[in-house]
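Structure assessment
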Amino acid sequence: MAKKAAVIGAGTMGHGIAELFAIAGYEVSLVDVAEDFLKRALQNIEWSLKKFAEKGQLKEDVQTVMGRIKPVVNDICRAVEGAEIMVEAVIEEIETKRKVFAEADRCAPPNAVLATNTSSLPITEISEAVKPERRPLVVGMHFFNPPPLMPLVEIIKGRYTSDEAVKRVAEYAAQLGKQTVVVNKDVPGFIVNRILARVNDAACWMAARGEADIVAVDSALRYRAGLPMGAFLLMDYTGIDVICFIGDAMAKRGFKTHPCPLIVEKCQQRKYGVKTGEGFYKYPAPGKFQWPDIPKEPGEKLDITALLAPAVNEAAYLVREGIATREDVDKAVKLGLNWPKGPLELADELGLDAVVKALEAWRNKTGFEEFAPDPLLVQMVQSGKLGRKSGEGFYTYVKAEEKRLETLIIRYEPPIAWIILNRPERLNAINAKMVEELSSALDEISKLDFDKVRAVVITGVGRAFSAGADITGFVGTTPHLAYKLSRGLHELTEKMEKLDRPVICALNGYTLGGGLELALACDLRIASETAVLGQPEVNIGLFPGGGGTQRLARLVGLARAKEIIFTGDNISARDAERMGLVNKVVPPERLEQEARALALKLAEKPPIALAMAKYAVNYGYEAPLWAALDLEAAHFGVVFSTEDLFEGVSAFLQKRKPQYKGR
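So, here is what we can say about the structure in this document. (Residues numbered from 1 in each chain as written. Predicted model: local features only at pLDDT ≥ 70, side-chain atom pairs only at ≥ 80, totals over all residues. Heavy atoms only, no water.)

**Here's the deal with the side chain of Ser120**
Positionally, Ser120 belongs in the loop between β5 (113-116) and α6 (123-127). Reaching out from Ser120, the side chain makes a polar contact with the side chain of Glu92 at a distance of 2.9 Å. (Helix = DSSP H or I, 4+ residues; strand = E, 2+ residues; numbered from the N terminus. Polar contact = N/O pair within 3.5 Å; in protein donor to acceptor, adjacent residues only side chain to side chain.)

**Observations concerning the packing of helix α13 (residues 304-320) against helix α15 (residues 343-350)**
Where α13 meets α15, the closest approach of the two axes is 9 Å, and the angle between their N-to-C directions is 125°. Between α13 and α15, the angle is such that the two are oblique. As for how α13 packs across α15, the hand of that crossing is left-handed. The segment α13 lies against α15, with Ile304, Thr305, Leu308, Ala311, Val312, Ala315, Ala316 and Val319 engaging Pro343, Leu344, Leu346, Ala347 and Leu350. (Axes fitted to C-alpha atoms, helices over the stretch in contact; angles between N-to-C directions. Parallel < 35°, antiparallel > 145°, perpendicular 65-115°, else oblique. Left-handed = near helix turned anticlockwise from the far one by under 90°. Contact = heavy atoms within 4.5 Å.)

**With respect to the sheet that holds strand β12 (residues 455-460)**
Spatial strand order, β9-β10-β11-β12-β14-β16-β19: 7 strands in an open sheet with mixed pairing. Of all the strands in the sheet, the pair left with one neighbour each is β9 (401-404) and β19 (584-586). Neighbour-to-neighbour, the strand axes of the sheet open up by a mean angle of 20°, direction not taken into account. When strand β10 (residues 408-413) meets strand β11 (residues 416-421), the two strands line up antiparallel, connected through 6 bridges. Across the sheet, Ile409 pairs through a bridge with Ile420, a residue of β11. (Pairing = 2+ DSSP bridges.)

**A closer look at the environment of Pro607**
Following the sequence through the fold, Pro607 ends up in helix α25 (residues 607-620). Sequence spacing of Pro607 and Ala455 is 152 residues, and the spatial spacing of their C-alpha atoms is 9.0 Å. Setting aside chain neighbours within four positions, we find Pro607 in contact with Phe450, Arg454, Asp500, Asp644, Tyr660 and Gly662.

**Considerations on the packing of aromatic side chains**
In the structure shown here, the tally under the stated rule is 11 aromatic pairs. For the pair Phe21 and Tyr26, a centre-to-centre distance of 5.2 Å together with 85° between the ring planes defines the contact as edge-to-face. Owing to a relative accessible area of 1%, Tyr26 belongs among the buried residues under this scheme. Stacked on the ring of Trp362, the Lys or Arg Lys365 has its end atom at 4.3 Å from the ring centre. (Phe/Tyr/Trp six-rings, centres within 6.5 Å; stacked < 30°, edge-to-face > 60°. Buried < 20%, exposed > 50% of the residue type's maximum accessible area, 1.4 Å probe, protein only. Lys NZ or Arg CZ within 6 Å of the ring centre and 35° of its normal.)

**Observations regarding helix α5 (residues 94-107)**
Taking 1.5 Å per residue, 14 residues should reach 20 Å; α5 reaches 20 Å between its end C-alpha atoms and fits that length. Every buried residue of α5 is listed here: Ile94, Lys97, Val100, Phe101, Ala104, Asp105 and Cys107. Where α5 is buried, its residues touch β1 (4-8), α4 (76-80), β4 (85-88), β5, α6 and β6 (138-143). (Expected span 1.5 Å × (residues − 1).)

**Considerations on the sheet that holds strand β15 (residues 510-512)**
Sheets are built from strands that pair by backbone hydrogen bonding, the pairs being arranged parallel or antiparallel. Ordered in space as β13-β15-β17-β18, the 4 strands form an open sheet in which the pairing is mixed. The outermost strands of the open sheet, each flanked by one partner alone, are β13 (464-466) and β18 (571-572).

**Examining the nonpolar core**
Most often, soluble globular proteins have nonpolar side chains that are buried together. Counting residues in hydrophobic clusters, the biggest one holds 101 residues, and the most contacted among them are Trp339 and Phe394. Leave out the neighbours within four places in its chain, and Trp339 touches Ile195, Val199, Leu227, Pro228, Leu308, Ala311, Val333, Lys334 and Leu346. The next biggest cluster of nonpolar side chains, apart from the first, holds 46 residues, and it includes Met496, Leu499, Ala521 and Ala527. (Core = buried A, V, L, I, M, F, W, Y, C linked by side-chain atoms within 4.5 Å.)

**Quick word on the pattern of salt bridges**
Summed over all chains, the structure comprises 54 salt bridges. Among the ionic pairs, Arg159 bridges to Glu128, the shortest N-O distance being 3.7 Å. Of this pair, Arg159 sits in the loop between β7 (152-156) and α7 (163-175) while Glu128 sits in the loop between α6 and β6, and the two are 31 residues apart along the sequence. Note on Arg159: relative accessible area 62%, which makes it exposed. Across the pair Lys403 and Glu444 runs a salt bridge, and its minimum N-O distance is 2.8 Å. (Salt bridge = Lys/Arg side-chain N within 4 Å of Asp/Glu carboxyl O.)

Right, here's the structure in full:
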């Protein structure tokens, strides 16, 4: 029997949610008040599905998926009949939602979950529209726009919501390919919108008070904090009317805030941003987005801690009140807002003492209660938990030595060296400087004793490992320069393969083109569930020139490599795991932990034996079998000259754990 879902409301969110359920194999009843709305929704779904199909991300043909979606005009009762889950996505108006839930309650099966996609209204108020026995099955299931692309779902517990309902919604979200966080208490704005509201508050009040202009604030947030968009640009993109509406709904339900006059003024003037052609910036035409000119320089002198401190304060409140775990707060912001790090991770980097000082400055100059440092932050500072610099903040840190280059962060965390690609504003695109700095970093590591570094982890800041080569650097490239560019990448990846210690790639997002070629040269690859891999060069008239035509075939086979290169299609992390392109796939919030755990596991092994094994595999793979076996024997002989072999045998006989020294 087919699985069945009902989606009430066919607007931007509703039709996107219906599309997800249909892709996951559900028969979906999609409801709206008029046939025209439903026709438009189906056209939008078909367009979206075709885009997925073009990228190789749809496992069935478009019409098969479309065939699962049944439009229903203004009949909730018929739509929910036989459904195991309903998701309501009508307008953000409490009485309208309550009417939907009352009707669904009357007609849905007794065990059906009734979920709301509200971004700001209380689950408890909505659930009180259904019979008391149904209320444990009413839950918030907040998708982000656009639902087919955004990886996060916030699951919100109302006063009556059962743990079973939360578990079921998490399972549904997993079937839709989404990551989830749980909001344990029904607070206005849940996690993401509360954090975002505080960033908007800080940005807007800084500009309103004349401390910085709009461009400088957005420049600082984008280039220095690494956010994908500055606060004012994001408000324009989202719709300033939406910001005003959500802010008003949250304030009415207890969210402490003082509306910023710059935002209020735009709403009064009906200058809502991209949709009207003007907001804080001007656009070519209503509905036509174009990046405004926001240079890097204006934001360089702004206090980034002051801009982010109110968001950290809100995050601390969420943790202290048990509304969400620290991990879920950071995960929600990284996945829901595409921040490179969560607010609590950023707090640890900024220093909690600096955050508290910035909040006190905000409170003193505005008098606003919402800027008062949260008691959790105050208590942590008093107990010396200041973040990375003290070894403990919201998270615990091992003693590390870190240095920042132009395109990289290099962190020595003995016995691990972390190389972190750090061009988040360009999705860590590889340019000449990054190649140069990567090569120098590998040279430096190769000269260090095994006591300091026994394994290397390469990853990226933000939502990409690396989205490929920076094509802006291709301008004016001649055939000879292109050859040298390709050979430069080859020399870098060969250096990774020749390094005398294992190299692990932690693929945290887009891993495309040159980014994938970099990953192919690593010894082991761990991918986040949200990672996307591919060699899309053919789509712009090129083909992989950083080793992809060679290493890919050796890793996944000739036919599969040709398919990946010829089509230019993206590959999900799970599909990459199935074809052997990555060794392991983990939830995004566990990627760093899993990479560290693997690196520490390898660090316990005899380092010279690991190096000899790596060389025997890498250099013997393409040689004739007789030569490869002789190479293996030679490297095997080298290991017999080490003190580590004696330690390993002794430990085995004495039934103790060996302590290898790399000698």
